[in-house]
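In case you want the letters, here they are:
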Amino acid sequence: MSQARRTMSDLAGFWVVAAAFTSVTAYATVPTPLYPLYQAADDFPVPVVTFIFAAFAVGVVFSLFLIGHISDWAGRRRMAVIAVLVSALAAVVFIVWNSVPGLIVARFVDGVSVGMLSAAATAHLAELRARARPAETAVVAASVAGAANLGGLALGPLAGGLFAEFAPNPLELPHIVFLVLFIAAAFVLRHVPETVDTSARDPAYRPQRLAFPSGSGAAFAAAGTGAAASFALFALFTSLAPTFLHDTFHVSDHLVDGATVFAVFGAAALAQLLLVRVAQRAQLLIAMLCFVVGLVSIAAGALIPALVLFITGGIVAGSGAGIMFRSAIAAAGALSAPDRRGETLALLFLIAYGGLVAPVLLVGLSLPFVGETTVLLVFSAVVLLATLGAGVAMRRHALPARTRSDDRAG
């Protein structure tokens, strides 16, 4: 592999990739508290927000299936640089074309970037850390990758809320700031060590293969259901939560919008880190309890209405979603054959992002005919039933204690 651009150590490169990954995932949720401002500027109804959000998820799925695995032979560094520049392109679209069609295009392009970088950065972090700390357990790199992913998604709404509440031109300035950040990140990433031998002949292109683990259909279906339900909860808060806060609770502070979503994703990331060494069966029990308490609190907060109860419910349910999603990844990795693990996890991620798209689209289609509170209650009930069913089934198939395969899969 070429080392012509190598100007930093593997450990320094590890943290540069983690920072770039965090910035890209953060930008994915920056628009969340800005949606009410876009609505006011372009005068479009609430259901349109769900279609704008869905465009992002479609972009992620498109990228995971057609692009994400290319870094296996084209190089982690190269794909990371391209992914960051694609995020920069999304920022340009946001700046120059902020009507509904432009928002849909920008969100799709941003989704492509996130899907592309999620695969490349996760693998790059594991490989850089293994070279820098060969005696260290793989769970450290996996935890940093998870924190960069969910932590970035948590920071984005907070940043967007700060821009919306205190900065001039909140529909342009955040995108300008991140555009500059992405250009700088692309330059620095060019000097990160490569971990793939790019001198080998490139194989013929093919889409990402998907593998359903043979003989483990029920267990994998449970893991997929848990992952999809977790992402459905995240989708609710990143698409409709600000509008719900404005219409039901009459919140006019955009920082509250961003802080609410930050709290949900932050709780998910923190729960993953705190429970990383807890047995999988215990994690799943905690996740189910969090979903019960959280979703009931969300529903009760919407009915009363009580803002504190609604937000607290989101934080508790977010913790459950983080735990459930990590458990689903561990379960899918343990069920798959070692030489098919990447293909099995790719299928799990596609199912998870299906959970990100489908419920939000159904919510958007329902809102013109049914009240927001009713839609939220039905949504909460469906997610609760799905997570309880998935959690019970996953506990039945889980190992009694964490194993090294959990470390590798997580």
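Remember, predicted model here, so these are calculated numbers, not experimental data. Within each chain, residue numbers correspond to sequence positions counted from 1 in written order. Residue-level local features of this predicted model are given only where pLDDT is at least 70; pairs of side-chain atoms are given and counted only at 80 or more, and the full residue set underlies all totals for whole chains, interfaces and linings. Only hydrogens and water are set aside; all other atoms, that is, all heavy atoms of the structure, feed into the side-chain values.

Chemist: So what about the overall build of the chain? Which residues, and what values?
Modeler: Runs of E in the DSSP output that reach at least two residues are strands. Runs of H or I that reach at least four are helices, and both are numbered from the N terminus. Secondary structure summary: the chain contains 16 helices and zero strands in total. On the principal axes, the C-alpha backbone points of the chain span a range of 60 × 50 × 35 Å. Think of it in three bands: with a 1.4 Å probe and only protein chains considered, a residue is buried below 20% of the maximum accessible area for its type, exposed above 50%, and partly exposed in between. Across the 410 residues of the chain, 57% fall into the buried class. Whether two residues are in contact is decided by their heavy atoms, any of which lying within 4.5 Å being enough. Put simply, of all contacts in the chain between residues at least 6 apart along the chain, 86% involve residues at least 24 apart. The Shrake-Rupley method, run with a 1.4 Å probe, gives the accessible areas here. Residue values count only the displayed protein chains as cover. Just so you have it, the chain exposes about 15,800 Å², and 69% of that area is on carbon and sulfur atoms. The charge count includes Lys and Arg as positive and Asp and Glu as negative, but it does not include His or the ends of the chains. Note that the charge is assigned to NZ on lysines, CZ on arginines, CG on aspartates and CD on glutamates. Charge separation in the chain, taken as the distance between the mean sites of 23 positive and 20 negative side-chain charges, equals 15 Å.

Chemist: Quick rundown of the pattern of salt bridges? Include the residues and the values.
Modeler: Salt bridges, as used here, are contacts in which a Lys or Arg side-chain nitrogen is within 4 Å of a carboxyl oxygen on Asp or Glu. Considering all chains together, one arrives at five salt bridges under this definition. The salt bridge involving R76 is made with D72; its shortest N-O contact spans 2.7 Å. As a salt-bridge pair, E136 and R129 come within 2.6 Å of each other at their nearest N and O atoms. The exposure class of E136 is partly exposed, given its relative accessible area of 28%. A relative accessible area of 11% places R129 in the buried class. Via salt bridges that share partners, D72, R76 and E127 belong to a single interconnected network.

Chemist: Let's hear about helix 6 (residues 100–132): which residues, and what values?
Modeler: Quick reminder: α-helices carry 3.6 residues per turn. Residues three or four places apart thus point the same way. Taking 1.5 Å per residue as the helical rise, helix 6 with its 33 residues ought to reach 48 Å, and the 46 Å between its terminal C-alpha atoms agrees with that figure. The sharpest bend along helix 6 comes to roughly 25°, located at L117. The span one expects for a helix is its residue count, reduced by one, times 1.5 Å. In this analysis the local bend is the angle between axes fitted, respectively, to the seven residues ending at and the seven residues starting at the residue.

Chemist: Tell me what's going on with unusual backbone geometry, and back it up with residues and numbers.
Modeler: Following I304, the chain continues into P305 via a peptide bond in cis, with omega recorded as -15°. Positionally, P305 belongs in the loop between helix 12 (280–303) and helix 13 (307–335). Positive phi is not limited to glycine here, since N169 has a value of about 50°. Within the fold, N169 resides in the loop between helix 7 (139–166) and helix 8 (173–189). We note that H250 has phi near 55°; this positive angle belongs to a residue other than glycine.

Chemist: So what's going on with the environment of G151? Residues and values would help.
Modeler: Structurally, G151 can be placed in helix 7. Residues G151 and G266, spaced 115 residues apart in sequence, show a C-alpha to C-alpha distance of 6.1 Å. Not counting residues within four places of it along the chain, the set of residues in contact with G151 comprises G146 and A269.

Chemist: Could you give me a rundown of the side chain of S327, with the residues and numbers involved?
Modeler: Here S327 is to be found in helix 13. For S327, the residues in contact, after removing those within four places along its chain, are Q280, Q283, L284 and M394.

Chemist: So what's going on with the environment of R396? Residues and values would help.
Modeler: Structurally, the position occupied by R396 is in helix 15 (residues 372–397). Classification of R396 by relative accessible area gives exposed; the value is 59%. Along the primary structure R396 and L158 are separated by 238 residues, whereas in three dimensions their C-alpha atoms are 38 Å apart.

Chemist: Can you lay out the packing of helix 9 (residues 217–239) against helix 13 for me, pointing to particular residues and giving the numbers?
Modeler: How two helices pack is summed up by the angle between their axes together with the distance between the axes. In this analysis, axes come from line fits to C-alpha atoms, helices being fitted only over the stretch in contact, and the angle between any two N-to-C directions falls in the range 0 to 180 degrees. At a minimum axis distance of 8 Å, the contact between helix 9 and helix 13 shows a crossing angle of 150°. Considering their axes alone, helix 9 and helix 13 lie roughly antiparallel with respect to each other. Of the two elements, helix 9 crosses helix 13, and the hand of that crossing is left-handed. Residues A219, F220, A223, G226, A227, S230, F231, L233, F234 and F237 of helix 9 form the contact with helix 13, whose participating residues are F310, G314, A317, G318, A321, G322, M324, F325, A328, A331, A332 and L335. Tallied by class, the residues present in the contact of helix 9 with helix 13 amount to 17 nonpolar, five polar and no charged. Orientation labels follow simple angle bins: below 35 degrees gives roughly parallel, above 145 gives roughly antiparallel, 65 to 115 gives roughly perpendicular, and whatever is left gives oblique. By convention the crossing between two helices is left-handed if the near helix lies anticlockwise of the far one by an angle smaller than a right angle, and right-handed if it lies clockwise. Ten residues, namely Ala, Val, Leu, Ile, Met, Phe, Trp, Tyr, Cys and Pro, are considered nonpolar, four, namely Asp, Glu, Lys and Arg, are considered charged, and the remaining ones, Gly among them, are considered polar.

Chemist: An account of helix 8 is requested, with residue identities and associated values reported.
Modeler: If you check helix 8, its first and last C-alpha atoms are 24 Å apart, about what 17 residues at 1.5 Å a residue would give, namely 24 Å. Of all the residues in helix 8, the buried ones are P174, H175, F178, L179, F182, A185, A186 and L189. Burial along helix 8 is one-sided: seen end-on, the buried residues are contained in an arc of 130°. Set apart from the buried face of helix 8 by more than 90 degrees, the exposed residues are V180 and F187. To be clear, the arc concerns the directions from the helix axis to the C-beta atoms.

Chemist: Tell me about the side chain of H124, and name the residues and values.
Modeler: Along the polypeptide, H124 turns up in helix 6. For H124, the residues in contact, after removing those within four places along its chain, are V17, R76, R77, V192, P193 and T195.

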